[in-house]
Amino acid sequence: MASTQSTIRVAPTGPGTHKRVKSELMRQRLRAAGWFLVPMLIALAIVAGWPLLRTIYFSFTNASLTNLYGAEWVGFKNYLNWTVLKSGRVVWSGLLADPAWWNAVWNTVRFAVISVTLETILGTVVALVLNAEFKGRGIVRAAILIPWAIPTIVSARMWSWMLNDQFGIINDMMMTLGLIDHKIAWTASSDTAMIAVLIVDVWKTTPFMALLILAGLQMIPRDIYEAAAIDGVHPVKTFWKVTLPLVRPALMVAVIFRLLDAMRIFDLIYVLTPNSAQTKTISVLARENLIDFDKFAYGSAESTMLFLIIALMTILYIWLGKVRFDGGDR
Amino acid sequence: MFHSALRAGLFAGAVFSASFAMAAELAMVSGDTGNGLAFLQSQLKKFEADTGNTVKVVPMPSSTTDQFGQYRLWLAAGNADIDVYQTDVIWAPQLADQFLDLTDAAKDVVKDHFPSIIESQTTNGKLVAIPAFTDAPALYYRKDLLEKYGKPVPKTWEEMAATAKEIQDKERAAGAKDLWGLVFQGNAYEGLTCNALEWVKSFGGGQIVEANGDISINNEKAAKALEMVKGWVGTISPPGVLAYQEEEARGVWQTGNAVFMRNWPYAYALGNGADSAVKDKFGVAPLPAATAGDKPAATLGGWNVAVSKYSKHPEEAIKLALYLGSKEVQKQRAIDQTNLPTIVSLYDDADVAKAAPIIPQWKEVFMNAVPRPSAPTKVKYNEVSSLFWSAVHDTLSGNGTAAENLEMLEAKLTDLKGAGW
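Residues numbered from 1 in each chain as written. Chains lettered and ligands numbered in written order. Predicted model: local features only at pLDDT ≥ 70, side-chain atom pairs only at ≥ 80, totals over all residues.

Focus: the domain arrangement of chain B
Residue and element names in this part refer to chain B. Partitioning chain B into structural domains gives domain 1 (2–135 + 301–370) and domain 2 (138–299 + 373–417). A straight line from the C-alpha centre of domain 1 to that of domain 2 covers 30 Å. Counting from both sides, the interface comprises 18 residues of domain 1 and, opposite them, 20 residues of domain 2. Those elements that provide at least two residues to the side of domain 1 that touches domain 2 are helix 4 (92–95), helix 15 (358–361), helix 16 (363–367) and strand 13 (369–370). (Domains from an automatic or database assignment. Contact = placed C-beta atoms within 7 Å. Helix = DSSP H or I, 4+ residues; strand = E, 2+ residues; numbered from the N terminus.)

Spelled out as structure tokens, the structure:
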């Protein structure tokens, strides 16, 4: 990536000079950049690459936590396997034939789509407000980041008290305002538990979206708005025709960050919801199999599948959305 | 203070016994909360003084699920930093390979404990952990209300439900609108496995998976038991009971809004606390049975002490485990913490009876304690339990009949069992 950019930048100087610059200065700079990258690449290989490869390896074995190192290779059995019964009936087993798995995939995707949509809309609104000039803007900008700064597990626990059916402040406030006539067991019943998780997630990550979008908004030159105002363009039309197209690259990057994050949701679900199939996400299911159920290999297969799903989504998103991470538009 | 005791211990060790010169630094984990940890430390101080070893306590979260996950990872990695683990009663078979066999070390004291508790800690003839204290639920009843309506303490579920219904209706008519007949733990979690096992077992429907590994849950008696409980939800028990764990049930009970409650002993002391609406107004009895004359069933809970096989000081660690399960410590625990002893004779101990009168009352409950099928299902217990409570929760919330759900459960368990547990 670094080399293509550099090549593009020096291209206008002509083919002859290009070759010379690249061979001397650029090569030197690239080499230096390479050395600077080495520590990070080594760190990444140790903390991300190796565990990932191990997980993928374990997913093809029959490993269990009680017998991690004596694992035997079983091929794709954890993913898909079949046995032919005496009657000739074929019984499918493995991850891809497991209803619990597909249920978790559906829960995760549903959560990711709803939460990211809400967060994008609210984040844009908040960013537009913060982009306006008003007194005390600095303080408001800092204050809005607080939910993002609190560790998720802490905010999850905090919200679980607030949402408690017996003495939670949410029920108390809604009862006082007359919005509900009986106390709702928010986090205990699987019907409302997903709503509770969505509320908390939106509360927590909207600031993150707002911040990334705000950065994009501030890159838009003011004179475009002035020109639009002089031409008498309606502010709503200005938003759709000027602001949105220009902020789109930043928005797309923000959305993908959130989407990847939402796909691996674990802590909120783990703390806030009962152990019910209706709210279990892929990460929760994988942890359950890895640790609680002593099906380490099966849990590894689930983790690997989650990795593949996220990788696939990212590639599709970048390709279809024509996202570029250097801030420009393709 | 700590250091002087330590020094004194080391000195005593050096003087009195050569083996004590090999004093070890041990580490143990504890998921106790509040004064539980302080109690443990006070007992450890004594151990340190007696043996010359030092013991470092690593505090853990109190949730057994969280502890289990952490311990399993440590043990899988062969972690030698922790010598002694406090283990839940259902863990023994799942972690048996990672702990030392205590059969020989404990051969003199085993006979003092309740046989059912020792059985729960024994896997393939190997004593995995020494019992430290135990837990068995009982039926909490409102003495004042039963007296008011001239009702005896119920012996059968049917009698309990009828009494609950009558008192609930009459009290509600008299103005106590929030009163319910019975609260229990109906949320989809390990607690529901405990509750449902009691219903099924007391109906003669077996123990889900029998000691020999046979899957017995799909039978008419079990289905009948679950259908009976389904009839309670929304009539004598609040609909929200399907989301209750121990604390939610206690919340309803302790505010005076329930006639009966199924819960563990910890609720006894709290129910008699100064801020409790039911202070001195309630009693405890064994859980009801299916028909008069039948044996009731109570699910066995409790904590034990196990020694990691990766320990660098196994001998000293075993000494510590035996000490924590000893009569001396258990007696002190019963007096200070109202934790229930696993040693039979302590239930007739005058000091214990004086300090914690509830404990002798519980002896009868223990005699009927039934272990969850953690021994036969070994490492698959958590999954078995999860499948069982899901089937029960589905039944109670009207998702299919008991017979249908139990049939499906049997199929899933058979699948899970495969060639053997």
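Looking at the sheet that holds strand 9 (residues 258–263) of chain B
Residues and elements named next belong to chain B. The strand order across the open sheet formed by four strands is 8-9-7-10, and the pairing between neighbours is mixed. Because the sheet does not close on itself, it has two edges, and the strands there are strand 8 (180–183) and strand 10 (282–285). Shown here is a sheet whose adjacent strand axes are inclined to one another by a mean of 15 degrees, direction ignored. For strand 7 (residues 138–142) and strand 9, the ladder comprises four bridges, and the chain directions are antiparallel. Across the sheet, the residue bridging to Leu 139 is Arg 262, located in strand 9. Where helix 7 (residues 157–173) meets the sheet, its contacts fall on strand 8 and strand 9, and the angle it forms with strand 8 comes to roughly 140 degrees. (Pairing = 2+ DSSP bridges. Axes fitted to C-alpha atoms, helices over the stretch in contact; angles between N-to-C directions.)

Description of the environment of Asp 415 of chain B
By the secondary structure assignment, Asp 415 of chain B is in helix 19 (residues 402–417). Distance from Asp 415 of chain B to Leu 396 of chain B, taken between C-alpha atoms, is 24 Å for residues 19 residues apart in sequence.

What about the confidence of the model for chain A?
Residue and element names in this part refer to chain A. Residues at a pLDDT of 70 or more form 89% of chain A, whose mean pLDDT is 85. Model confidence for chain A, summarised as mean pLDDT per element, is weakest for helix 1 (residues 2–10) at 42 and strongest for helix 3 (residues 99–131) at 93. Here residues 1–17 scores under 50 on pLDDT; set against residues more than four positions off or in separate chains, the count is nine contacts. (pLDDT = per-residue confidence, 0-100.)

Overview of helix 7 of chain B
Residues and elements named next belong to chain B. The first and last C-alpha atoms of helix 7 sit 24 Å apart over 17 residues, in line with the 24 Å expected at 1.5 Å per residue. Taken together, the buried positions of helix 7 are Trp 157, Met 160, Ala 161, Thr 163, Ala 164, Ile 167, Gln 168 and Glu 171. One side of helix 7 carries all its buried residues, which in axial view fall inside an arc of 165 degrees. Gly 175 sits one or two residues past helix 7 and shows a positive phi near 120 degrees. (Expected span 1.5 Å × (residues − 1). Buried ≥ 20, exposed ≤ 12 C-beta atoms within 10 Å, placed from the backbone. Arc of directions from axis to C-beta.)

Some points on the environment of His 182 of chain A
Structurally, His 182 of chain A is set in the loop between helix 7 (169–176) and helix 8 (190–218). Taking the C-alpha atoms as reference points, His 182 of chain A and Phe 239 of chain A, separated by 57 residues in sequence, lie 43 Å from one another.

Re the interface of chain B and chain A
Contacts between the two partners involve 16 residues from chain B and, on the opposite side, 14 residues from chain A. Listing elements by their share of the side of chain B that touches chain A, those giving two or more residues are helix 3 (64–76), helix 10 (246–254) and helix 18 (381–396) of chain B. Across the side of chain B that touches chain A, the residue classes break down as six nonpolar, six polar and four charged. (Nonpolar A, V, L, I, M, F, W, Y, C, P; charged D, E, K, R; others polar.)

Here's the deal with the domain arrangement of chain A
Residue and element names in this part refer to chain A. When the domains of chain A are assigned, the result is domain 1 (2–58) and domain 2 (95–321). With centres defined by C-alpha atoms, the gap from domain 1 to domain 2 works out at 33 Å. Counting from both sides, the interface comprises four residues of domain 1 and, opposite them, six residues of domain 2. Its residues assigned to classes, the side of domain 1 that touches domain 2 comprises three nonpolar, one polar and no charged.

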